[in-house]
Amino acid sequence: MENKNRKNYFLALFLVLVAVVFNIYTLYPELSAKTDPNDNVFQFALVRRMNEVWESLGANRQSPISLVDHWVPDWASGYPLPRYYQHLPQLAIVSIYHLLLRKISLYSVFKLFNFSFWIFFPVSIYLSGRLFGLSFLAAGLSAFFGSQILTDGLYGTDITSLAWRGYGLSNQQTALFFAPLALGKIWQMLRLRQEKKPWRKKDFFLTVLLLTATFASHMTVGYFVALSALFMPFCFLEIKGRNIKELTGEIFLGGRRFFLPLLLILFCCFMLLSYWFVPLLLGNVYHNISLWDPPVKWNSYGFTEVTKLFLSGQLFDFGRWPILTFLLLFGWLVSLYCFEGHYRFFSLTFPFWYLLFFGRTTWGELLNLLPMMKEMHHQRLINGLHLVSIPLIGLGAEFLWQKLRRPLAWLLLLAAGFTVYQANYNYLKLNTIWLKQANLEYVQNEESFRQLVAKIKQLPPGRVFAGRPGNWGNQFKIGASQMYLALSREGFPLNGFLPESWSLNTDLETFFNEYNPNHYQFYNVRYLVTPADFQLPEFARLIEIFGPYKLAEVKTSGYFDIITSNLLVESNKENLFNFTHLWFRSDLANKKEFPTLKLTNGTPDLPYTTKIKLVDNNLYQKEGLLSSLYSLSYPLAPQPAVLGTIEAENIVAETYRGKIQVNKDCQNCLIIFKMTYHPDWEAIIDGQIAEKIMVFPSFIAVKASQGTHEVSFRYQPSSTKMILLIVGLANLLAVFVLLKKDILK
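Residues numbered from 1 in each chain as written. Predicted model: local features only at pLDDT ≥ 70, side-chain atom pairs only at ≥ 80, totals over all residues. Heavy atoms only, no water.

(A) Expanded view of the overall build of the protein. A count of helices and strands for the protein gives 24 helices and 21 strands. For 745 residues, the compact-globule estimate of 2.2 N^0.38 gives 27 Å, and the C-alpha radius of gyration of the protein, at 28 Å, lies within 12% of that figure. Here the C-alpha coordinates of the protein stretch approximately 90 × 65 × 50 Å along the principal axes. The buried share of the protein, taken over its 745 residues, is 58%. Considering only intrachain contacts with a sequence separation of at least 6, the fraction spanning at least 24 residues in the protein is 75%. Total accessible area on the protein stands at roughly 31,300 Å², and carbon and sulfur atoms take up 60% of it. Between the averaged position of the 68 positive side-chain charges in the protein and that of its 52 negative side-chain charges there is a distance of 10 Å. (Helix = DSSP H or I, 4+ residues; strand = E, 2+ residues; numbered from the N terminus. Rg over C-alpha atoms; globule rule 2.2 N^0.38 Å. Buried < 20%, exposed > 50% of the residue type's maximum accessible area, 1.4 Å probe, protein only. Contact = heavy atoms within 4.5 Å. Areas by Shrake-Rupley, 256 points an atom, 1.4 Å probe, with all protein chains shown as cover. Lys, Arg positive; Asp, Glu negative; His and termini not counted. Charge placed at Lys NZ, Arg CZ, Asp CG, Glu CD.)

(B) Fine view of helix α2 (residues 40–57). Given a rise of 1.5 Å per residue, 18 residues ought to cover 26 Å, and the 26 Å separating the end C-alpha atoms of α2 matches this to within 8%. Counting buried positions over the 18 residues of α2 gives 14, a clear majority of the element. (Expected span 1.5 Å × (residues − 1).)

(C) The sheet that holds strand β4 (residues 494–495), seen in detail. Spatial ordering of the open sheet is given by β4-β1-β5-β7-β6, a layout of five strands whose pairing is mixed. In this open sheet, the two edge strands, each paired with only one partner strand, are β4 and β6 (541–546). Bridge count for strand β1 (residues 463–465) against strand β5 (residues 525–531) is three bridges, and the pairing is parallel. Note that in β5 the partner of Val464 across the bridge is Tyr527. Helix α19 (residues 406–458) contacts β1, β5, β6 and β7 (549–553) of the sheet and is inclined by roughly 10° relative to β7. (Pairing = 2+ DSSP bridges. Axes fitted to C-alpha atoms, helices over the stretch in contact; angles between N-to-C directions.)

(D) Examining the side chain of Asp39 more closely. Within the fold, Asp39 resides in the loop between α1 (3–27) and α2. One buried charged residue, Asp39, remains without a salt bridge, the closest side chain of opposite sign being Arg380 at 6.4 Å. Setting aside chain neighbours within four positions, we find Asp39 in contact with Tyr167, Gly168 and Leu169. (Salt bridge = Lys/Arg side-chain N within 4 Å of Asp/Glu carboxyl O.)

(E) Local environment of the nonpolar core. Membership of the largest hydrophobic core comes to 244 residues, with the highest contact counts inside it found for Phe145, Phe204, Leu315, Phe449, Leu487, Val529 and Phe579. When neighbours within four sequence positions are excluded, Phe579 is seen to be in contact with Leu567, Val569, Pro595, Ile612, Leu614, Leu629, Leu632 and Phe696. (Core = buried A, V, L, I, M, F, W, Y, C linked by side-chain atoms within 4.5 Å.)

(F) The sheet that holds strand β17 (residues 681–685), seen in detail. The strand order across the open sheet formed by five strands is β14-β15-β21-β17-β18, and the pairing between neighbours is antiparallel. Sheet topology places β14 (644–652) and β18 (688–689) at the edges, where each strand pairs with a single neighbour. Pairing of β17 with β18, which is carried by two bridges, proceeds in the antiparallel orientation. Bridge assignment links Ile684 to a residue of β18, and that residue is Ile689.

(G) Summary view of the pattern of salt bridges. According to the stated counting rule, one finds 19 salt bridges in the structure shown. A salt bridge links Glu375 to Lys573; the nearest nitrogen and oxygen atoms lie 3.1 Å apart. With Glu375 in the loop between α17 (360–363) and α18 (382–403) and Lys573 in the loop between β9 (567–570) and α23 (577–585), the pair connects residues that are 198 residues apart, well separated along the chain. Using a relative accessible area of 10% as the deciding quantity, one classes Lys573 as buried. As a salt-bridge pair, Lys592 and Asp561 come within 3.1 Å of each other at their nearest N and O atoms. Taken together, the positions of Lys592 in the loop between α23 and β10 (596–598) and Asp561 in strand β8 (residues 560–563) put the pair 31 residues apart, joining distant regions of the chain. By relative accessible area, which is 28% here, Lys592 ends up partly exposed. Ionic contacts of the salt-bridge type, sharing partners, join the residues Arg48, Arg49, Glu52, Asp74 and Glu654 into one network.

(H) Just the state of the cysteines, in detail. Evaluation of the coordinates by the stated rule reveals one disulfide. Just so you know, Cys235 is unpaired, no disulfide at all, and the nearest cysteine sulfur is the one on Cys338, 13 Å from it. Residue Cys235 is classed as buried on the basis of its relative accessible area of 2%. The structure places no disulfide on Cys269, whose sulfur is separated from the nearest cysteine sulfur, that of Cys268, by 8.9 Å. (Disulfide = S-S within 2.5 Å.)

(I) A look at the packing of aromatic side chains. In the structure shown here, the tally under the stated rule is 81 aromatic pairs. Arg489 extends its terminal NZ or CZ atom over the ring of Phe44, reaching a point 5.6 Å from the ring centre. Directly above the aromatic system of Tyr107 lies the positively charged group of Arg489, at a separation of 3.8 Å from the ring centroid. (Phe/Tyr/Trp six-rings, centres within 6.5 Å; stacked < 30°, edge-to-face > 60°. Lys NZ or Arg CZ within 6 Å of the ring centre and 35° of its normal.)

Written out as structure tokens, the structure is:
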């Protein structure tokens, strides 16, 4: 190593070390948090639920595949979140917890896990830069500056997305650690193709595993990596001095040399995750698109706002001089000038992600031409922009370092570094102050809270209501966490708190009224937790007061009830909101009339009095005629005043059981299970598997004749997942054999 390179090497390592030490110093207080006021509550609840499944494996109550596909009953009447949601971080945390023999609390392992991925993020950036072929110094400067992006909470690759006072997007941060490494390894593999060198098996597998880890930590971030990688084959083409005809030939023939290896990497990643991807795609009809999410979340900010944010420095330098923005532009100009190899890659991908970040606000339905874009939160596209911008920041800083005289270069580096790090330090200093204050407030009422939790666990199962963000629940706290957050972390099924919006029951739940007794019966909200001075509804029975907290009970039939269904509604998931709301507000739900919902092929064998098809959120079609949804009425078949009684109910080993008596005069009655419908629920009545019927809003029902019946419902992951997992591993083994025999040379 030449003397100059040696100096740059040690300088680069020093810059990376500074970034890591800074992250450790400023984020270490996060490990002391008693509770969280952000998305970490949701993430930890998933970890806790996965740990329950892990421990049930030892009792043979679950199959191993349940670790990546199990029911989470906590929110929106339950949902199989791991079937649809990235689950590698949760699985890794639970595995570490058990490898440590449970000597450390699960919450501590969760905190340490998330802490580690952020503090070592600069290392990931540096290694990625080196894999791309950046110099030691450029890679070091990328890590030093690029790890300190700061926005005003734009859900990007910055501390506001992770910190305790921020959003707590721990899964996103895990994926963002793997993402630069995955991009760098893919680039390295394609560069070997350019140099006509053989692939080493361990490099190929590491590339596939890094990309797989990125997807499995956060699907959206993994998608950003895969989409960016599609630019790579064009970056190895020889284009200088070529005419149009020669250039066209190079693109079609030369590009093939690089596209095929890239597609092999992407294919192996897809096959490894096919156990997740394929069921997700096949079950997408049961994945809600919520109308309650802010429009900017779905559509992003548009050309005008994104341009304003960029030019004012707020995409990279909120609240400080736009140093990173300036370095980024410099780096992009340098890349445009060089336009070879990695310079070409970053010069192309930066404008691509910048334009894409305009989102649906600018591009409309045109973006749906790209896979996954229709149901993606376009606000998160900022992470694609940040990922490809970080190396450009390093390239811009390196260019200035090389062109300026050393004393001036050192002075500017120190000044720029101080300005950048001071802004992040100020943000995290306030983070520490607020966290410590919240811990003190939490400790003051911790004993009362623990007594409340212990009492609820002793009571019969049922959902809990502790307010919601839009009413008194927002100010009902323990420490800095709303009570519904704190109870969610303890594993209670809640009504009113919706950290995810994928269950088809999500949007209707926002209309729950704690002063309407019928709503408690509808959702099986059996317990009401309020401030001690809260005036309880007259139908609620006070159980006990625990310091500043009050616990009350409302009588319900439990998770089961007996209903009728006289209306068949055919629809897609996008057209349900208005109809569901109108039905819920009417007296039909109180009369236990639950229309059947048909989202897929196949019609239940019931004597419906009326059948309609929802055309959109305002119109329906009946016998070929269009009518306004607001004028809909339909006849009900005569039924007795009391349809039956719920004689017993219990939950044992993940199975919900009930003993239900259906009155003799109840014709074509159904037994409803107040849990979100999904095809993987197994319904058994009197020892026989029963046909499941989807009824509004998205509950499960089975037909029941007159008399007394024993029913049970259990979520059973499809055996398809295990088959796909085996096929994915077999595919990787096959590629290994082909590489070993040099067939893929």
